[in-house]
Structure formats: structure tokens, C-alpha cells
Amino acid sequence: MTTHCRYLPLLLCLITACIRPGDDRPSMDQDVGVASIPGFVVDVDNGLAVIREFSDTHLVLWAEAPVLSAVLDREIAGPLRLTVLNCMPGAQLQMNQSWYQSHSENGVTECVFALDLAAGPNQITIAPRDYESDDPYRFAVMGDIQTALGSSHEVFEDISAIPKLRFLVCTGDIVQDGAEWEYELFQEKLQSLAIPIFTTVGNHEVRQPPQRWHDLFGQFSVHFRFKGVDFSLVDSGNASIDPETYQRLAKWLDDGRERVHIFATHFPPLDPIGPRNASFRSRNEGVKLLTRLAEGSVDLMLFGHIHSYYKYENAGIPAYVSGGGGAAPEQYDGIGRHFLVVDVDPESGLRKVARVPVNAR
Amino acid sequence: MLSALGAGIATLGGVSLASTGANRNVSAVGIPLLVSGVGIFGISWIADLYGSATGGTNAGPPEPTPVSLSLGYGRVDDPQFLYEHFAVLSAAFQFGRFQLEPSLWAALGADNDRSRVAGSYSLWKTGLGTEVKLQVAGTLHNFSDEGFATRTAESSLAGRWNLGSLGPRLAGSFAVLSAGVGYESIDLQMAGTTTGSSLLLGRAGFGAFLPGGGEAEFHYDHRRDTFAGGLTPSRRRGSGFAGSVGVSLRQPLGRRFAFKLASELGSAWVVSSGLEVRWGATQ
């Protein structure tokens, strides 16, 4: 009996892992962008940036969205050097009715601001100058780099060569095993990308404990609005979306119902090739997600995981699988390494989605 | 021998998938090969364990029951949905080579019900519990709480073998293997739109006959459209490919009644039990 009891916790653990395998990540999302040291509190709105370094005089953020707002509440007035990594090129900082220009020597997606904080709360906004206008714009989409990380600069260079792209949305699997060296290499490769990348996780990032991703890139599921278009990048790293994340998604869908809304996650809820079933672990959950996205009037669904390109419709919504970041590709499909360029108009919705092959080098 | 056959088929399926990056056309063949190969390998492995542990038993296959009705309770532990408790009704009718099995799972305290009718025709049958049959089934699953419903039509070829015919050490055991295809029509009622998806069916199991006409079975089911969904082997790896695993037990309690117990583990944990009333049974 004692021997059998010894295995009971293991069995319960297995069942828990089966039923809510990603239940640790939504709670971690809640504490992104908030930090304090004696006399100084930083609070980034909606956790849209992770705080990488923090001292009395220097703050380093990694942005998860094109527009950041934060409160810097310091007891003592004085200078602060604020560095924003993964920043929109040309972004400016507004504080106390004043605009600050960025200066950096380390590439266009690193913004550095020399601020003079007043004592008490300082409300700041970091954004490109046109962030409140509703004119059309374009962004890129990619996913599934994995074992091709060493040559990922080729994709990034091609993306950077596309005119007028504002940012890159990634559906996850930027690494193969989630090892520390992979994330270091990934960030090195980003030096060849001229725009910021906003990404959720895939099944390969979650191979390691989630703290590593969390410390570097922040929230696993993120929602932001840019120039009148809503983006929801949702964590389906375990081929499922955690119930807590569904609650957040419900709010995002509700808030964005009247606007153009773009949804991205790693796993397709249903594989366009049904028998292959490279999709959510439960078909019923996949349909539940589609129902909610359709009810929420989502305009575009973007997925990865399948290392090819599929254009189809899900619940009447245009859907694209684009897993062309370089991971072991689907063979004999005539696709190859690629990314997507999406033209979107906040007034009329989705204008165009184009697949762009990555040039052989 | 059976292990080598299973390993060979699984390797063939695995290599075809790996070498083509799970190509859209190849995967329709590669995945069934992989699943059935692993299934055969797994059956032979468990059969070895069974033979070593029991040396074979005298228990034989249950006598067929022409008519049975059962009423029971089901519990589905799935944090994705509101339902948890179910009333479970099922019946089985046997007419010669034909069998008809309607069933209903109706949620208590939630608006969800799953009704299914499965029919089969026995293509080949021995009196020793070995049988190959063609199955067709239709399932209607209403997720009214969520605003959608699914309708599934499916067809499969299913085999069940009394492994006692392979040797005395396997006497009292059996294996099941099935493969098929289906189509799921999805009605997104709240959104006022429909969509659909085809699906692959595959099931492998190993079981033992129990004294008194009962039987117990352990199985793997590759489909992911049931209450159980698909298994996540660990928090870190393996989500989004496997189906569910399950165990079931059916034990007659005299000529008129039988007790049933089943459990499946996938993305949800499903447990059900029920009492079966039988007519025309001889044991």
C-alpha cells in the first residue's frame, strides 16, 4: 500500500500536467513591467515591456509593443538614462508635455533617452510620431526559425529590405530548445533586423522552464493597439490556450470588436490538412477558439507550427499558416523559406497578404 | 515477430514523415503507419509482460449479448469547458453480423450533450473472440454553452484478436486495432458560420478476459475530437500530436447485469461508470 501511495503524487502530477500544462505562464504575465527599488517604482502599462536592468539612474526595457506608456515614480528628481530595446525606429518619448528625441549608436531598434525626472510620478509615452493617426500601414509575419537560427539573419535582412514595414509579428518557435545560447544568438541576429519583432511562444520555447523567456521578452501573451488596429499575440505553446489566457483574450476581443483585429498564435486551432492534425491538442478547444474569434469579429488569423504556407478560411475569417522561418520545411510543397507582408487599413480592414520568398544566398 | 513488424511499420511511417517534413499528401499515409506500427509494437510489448506475469489464463471471451442497455455517470475534468458531470446512456443491439450501438452523454448543470450512433458489420468472425468488422458512426456534439456544434461522420476497419491462438502464455488476452477516416462539420452557431475538417482515426489496445465473462482493456486512441482530446505527455514537450489513453472494465454480475468502468486521459480526464442490463445473455 505504501509503495502504491508513493506513486500517487506522480500520477496526480501527470494528470495536472496533462490538463493544464501551461498554467504557470499566465500568472507570470501579470508581473511583467513592474519593478521597484528603494525610492523608485517603474510601472509599464499593461506589462508591454520587460524590465531588463534597473537602477536609480539607468533603466533598460525590452518592448513588446510599438507604443509604450509607463509611470516612473522616483522620490528624488534628477537624470535617468532610459534605453528601450526592440523600439520602433524613430520613436520619441513624451514626458510632462515635452518630447524627447532618441539617440543611439547600436542600431535603429535601440532607443536611448536622456531624461530629467521630476520628483514623484512621471508619466511617459514612447511611440513613433504617427502612432495616433489612422492611415494604412504594413507589417511582416514569420514563424518557426528553430534549427535555422544560425542563418536567421538572411530572413531578417530580406524583411528589412521591404519598404515601409513597421514591425514584425512572430508566431513563435524562434529557437529549437530554448537554451540560453540560442536566445543570445537570436538577439545577435536581430541586429540585422531594422524593425522591432513582437512575438509569442511556440512549443519549442516551452521546452525549458518559462523563466528564461519571461526575463528576456516578457509576456507570453500580449495585446497592443497600433494606429487603430488591435493585435492579440496569444500563447498556445502547449497546443492549447490556458483558461486564464482565454479570460484575457475575451477582454481583448471585446475591446477590439469595433476595430480591425489581428490574432496570432503558434498552433492552428485546426490543421488545414485534417488527418495530419498539427493543431490544438483538443479539436473541441480549437473550435471553441474559432467560435470566440468569429464572435469577436477578428479580421485575420496568423499561425505557425506547420513549416509551410497555407492560405485558407477559418470560420469565415482569412487564416494563414506561415512557418517559413527556416525550420525543417515541408518538402515538395513548392514553398520554402518565406515570410508574409500584410497591408492593413484601420478604416477598411485587411488589404493584402503577400508571401515573400527569402532569397537564396 | 510482432514487435519487429510493429517497429518496421512505425519506422516506415516515421521516416516518410521526417523525410518530407510531414508533407500534406504523405502525412495521410505516414501518420496511420506510424500510429499502427507503434500500436502493434506496444501490443506485443504488453503481451510479453502479460505472458510473463500470468503464463496465460483460462478465461475466455464473453458470450455475445443480443440486447443491452446501460445507465451511468460520467465525469469530465476539462478546464476549457463548463461541463463536468454527465448522465450516460447507452445500448447495444446485435442481429447476426450486425451491431448497433447508440449512446448519449448529457451534461448535468451545463448545456452540452453528445449523441452517437455506431453500426458495424462483422466481415470475419471466429467463435473464439477474433473478429474483423467494418464500422460506421455518426456523432452530434452540441456545445450550446459555447455556441457551436460538431457533426462527425466516420468509417473504420476494426480488428479484435484472441491472442490465445498465438500460444498458451497469451491465453486469456486479446488485442484490438482499428483505422479509419472521418469528417467533422462544425457549426459555429453564435458566429453564424460553418467550417469543417477531416480526421484520421486509429486505435490500438490490449486486453484480458476476466473470469465470469468480463474483460479489461488498455488502449490508445489517436482521435482528438472526443471529450478526452489529446495527451500532453509533459509540460515541456509533446503537445499537439498524440491522442488519448484509456482503460476500461466490463464485468457481468450474473446473467442480467454487468458493471462498467472506464477512464481516458488526454487534454481532459474522463471517468465513467455504469450498470448494464442484459437480455439474452447466457453468462
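Owing to the predicted nature of the structure, the values given are computational and were not obtained by experimental measurement.

### Considering the overall build of chain B
Right, so step 1: Scanning chain B from N- to C-terminus turns up two helices and 12 strands.
Right, so step 2: Along the chain direction, N to C, the helices and strands of chain B fall in the order α-α-β-β-β-β-β-β-β-β-β-β-β-β.
Right, so step 3: Over its C-alpha atoms chain B spans a radius of gyration of 19 Å, differing by no more than 12% from the 19 Å that the globule rule assigns to 283 residues.
Right, so step 4: Overall, the C-alpha framework of chain B stretches about 60 × 50 × 35 Å when taken along its three principal axes.

### Here's the deal with the pattern of salt bridges
Right, so step 1: A complete count under the given rule lists 31 salt bridges over all chains for this structure.
Right, so step 2: With a shortest N-O distance of 3.1 Å, Arg203 of chain B and Glu217 of chain B are connected by a salt bridge. With Arg203 of chain B in strand β8 (residues 193-210) and Glu217 of chain B in strand β9 (residues 214-221), this pair connects stretches of sequence that are 14 residues apart.
Right, so step 3: You can call Arg203 of chain B partly exposed: its relative accessible area is 28%.
Right, so step 4: Across the pair Asp225 of chain B and Arg223 of chain B runs a salt bridge whose closest N-O atoms are separated by 2.7 Å. In this pair, the class of Asp225 of chain B matches that of Arg223 of chain B, namely buried.
Right, so step 5: The structure contains a network of salt bridges with shared partners spanning Asp271, Arg276, Glu330 and Asp333 of chain A together with Arg24 of chain B.

### A word on the side chain of Ser221 of chain A
All names here are of chain A.
Right, so step 1: With respect to the element layout, Ser221 can be found in the loop between α5 (211-217) and β14 (222-226).
Right, so step 2: Take Ser221: its relative accessible area is 1%, and that puts it in the buried class.
Right, so step 3: Within the structure, the side chain of Ser221 is placed 2.9 Å from the backbone nitrogen of Asp235, a separation counted as a polar contact.
Right, so step 4: If sequence neighbours within four positions are ignored, Ser221 has contacts with Asp29, Leu233, Val234, Asp235, Thr245, Arg248 and Trp252.

### What about the state of the cysteines?
Residues and elements named next belong to chain A.
Right, so step 1: Counted by the stated rule, this structure contains one disulfide over all chains.
Right, so step 2: Between the sulfur of Cys87 and that of Cys111 lies a disulfide, 2.1 Å long from S to S. Residues Cys87 and Cys111 are joined by a disulfide whose S-S torsion is about -90 degrees; by sign, that bridge is left-handed. On the criterion of sequence distance, the pair formed by Cys87 in the loop between β6 (78-85) and β7 (92-95) and Cys111 in strand β9 (residues 110-117) is long-range, its members being 24 residues apart.

### A closer look at the interface of chain A and chain B
Right, so step 1: Listed as interface residues are 61 residues of chain A and, on the opposing side, 47 residues of chain B.
Right, so step 2: Of the roughly 4,300 Å² buried between chain A and chain B on both sides combined, carbon and sulfur atoms contribute 53%.
Right, so step 3: The largest share of the area that chain A buries against chain B comes from Arg281, Arg283 and Asn284 of chain A, three residues that together contribute 17% of it.
Right, so step 4: On the surface where chain A and chain B come into contact, there are five salt bridges.
Right, so step 5: Where Asp333 of chain A meets Arg24 of chain B, a salt bridge forms, and the shortest distance between an N and an O atom there is 3.7 Å.
Right, so step 6: At the level of secondary structure, the elements contributing two or more residues to the side of chain A that touches chain B comprise α1 (2-19), α6 (243-255), α7 (283-295) and β18 (309-314) of chain A.

### Quick look at the domain arrangement of chain B
All names here are of chain B.
Right, so step 1: Parsing chain B into structural domains produces domain 1 (1-54) and domain 2 (62-279).
Right, so step 2: The C-alpha-based centres of domain 1 and domain 2 are spaced at 22 Å.
Right, so step 3: Residue-level contacts link 13 residues of domain 1 with 18 residues of domain 2.
Right, so step 4: Note on domain 1 versus domain 2: buried area summed over both sides is about 1,200 Å², and carbon and sulfur give 84% of it.
Right, so step 5: Considering only the surface of domain 1 that becomes buried against domain 2, Val35, Ile43 and Tyr50 emerge as the three largest contributors, covering 45% of it.
Right, so step 6: Applying the counting criterion to the domain 1 and domain 2 interface returns zero salt bridges.

### Considering the sheet that holds strand β15 (residues 229-234) of chain A
All names here are of chain A.
Right, so step 1: Across the sheet, six strands lie side by side as β14-β15-β16-β17-β19-β18; this open sheet has mixed pairing. Edge strands, defined here as strands with exactly one partner in the open sheet, are β14 and β18. Going from strand to strand, the sheet's axes swing by 20 degrees on average, the running direction of each strand aside.
Right, so step 2: Pairing of β14 with β15, which is carried by five bridges, proceeds in the antiparallel orientation. Note on β15: the bridge partner recorded for Arg225 is Asp230.
Right, so step 3: The strands touched by α6 within the sheet are β14, β15 and β16 (260-265), with β15 carrying the most contacts at an inclination of about 170 degrees.

### Let's talk about a nonpolar patch on the surface
Residue and element names in this part refer to chain B.
Right, so step 1: A cluster of nonpolar side chains, namely Phe95, Phe98, Leu100, Val117, Tyr121, Leu123, Trp124, Leu134, Leu157 and Trp161, defines an oily patch on the protein surface of about 970 Å² accessible area.
Right, so step 2: Elements that contribute at least two residues to the nonpolar patch include exactly β3 (98-108), β4 (112-125) and β6 (148-162).
Right, so step 3: Considering each element in turn, the nonpolar patch owes the most residues, four residues, to β4.
Right, so step 4: Residue class for Leu100 comes out partly exposed when judged on its relative accessible area of 37%.

### Examining the sheet that holds strand β11 (residues 137-142) of chain A
All names here are of chain A.
Right, so step 1: Reading across the sheet, the five strands line up as β13-β12-β11-β20-β21 and stay open at both edges, with mixed pairing between neighbours. Pairing within the sheet leaves two strands with one partner each, and these edge strands are β13 (197-199) and β21 (349-357). Strand-to-strand, the axes of this sheet are offset by a mean angle of 25 degrees, without reference to chain direction.
Right, so step 2: In this structure, β11 lies alongside strand β12 (residues 165-170), joined through four bridges in parallel fashion. What sits directly across from Arg138, in β12, is Leu165.
Right, so step 3: Contacting β11, β12, β20 (338-345) and β21, helix α3 (residues 152-161) crosses the sheet at an angle of about 170 degrees to β11.

Conventions we followed
Each chain carries its own residue numbering, running from 1 in the written order of its sequence. Each chain is given a letter, starting from A, and each ligand a number, starting from 1, according to the order in which they appear as written. Since the coordinates come from a predicted model, pLDDT governs what is reported: local features require at least 70, and pairs of side-chain atoms require 80 or more to be given and counted, while whole-chain, interface and lining totals use all residues. Hydrogens and waters are ignored; side-chain quantities use all the structure's heavy atoms. Where helices and strands are cited, they refer to DSSP runs of H or I of at least four residues and of E of at least two residues respectively, numbered from the N terminus. Taken over C-alpha atoms, the radius of gyration is set against a globule rule of 2.2 Å times the number of residues to the power 0.38. One side-chain nitrogen of Lys or Arg within 4 Å of one carboxyl oxygen of Asp or Glu is enough to make a salt bridge. For every residue, the accessible area (1.4 Å probe, protein chains only) is compared with the maximum for its type, and the residue is labelled buried under 20%, exposed over 50%, or partly exposed between those bounds. In protein, a polar contact means a hydrogen-donor-capable atom and an acceptor-capable atom, both N or O and within 3.5 Å, with residues adjacent in sequence counting only if both atoms are side-chain atoms; elsewhere, any N or O pair within 3.5 Å suffices. Contacts are assigned to residue pairs that have any heavy atoms within 4.5 Å of one another. Counting rule for disulfides: a pair of cysteine sulfur atoms within 2.5 Å. Two parts placed together each lose some accessible area; with a 1.4 Å probe, that loss summed over both constitutes the buried area. Where a domain begins and ends is set by an automatic assignment or by a domain database. At least two bridges found by DSSP between two strands are what make those strands a pair. For helices, the fitted line uses only the C-alpha atoms of the stretch in contact; every axis is such a line through C-alpha atoms, and the angle between N-to-C directions lies from 0 to 180 degrees. Patch membership needs two things, relative accessible area over 30% and no salt bridge, and members are linked within 9 Å if like-charged or within 5 Å if nonpolar (Val, Leu, Ile, Met, Phe, Trp, Tyr). The Shrake-Rupley method, run with a 1.4 Å probe sphere, supplies the accessible areas, and residue values consider only the shown protein chains as cover.

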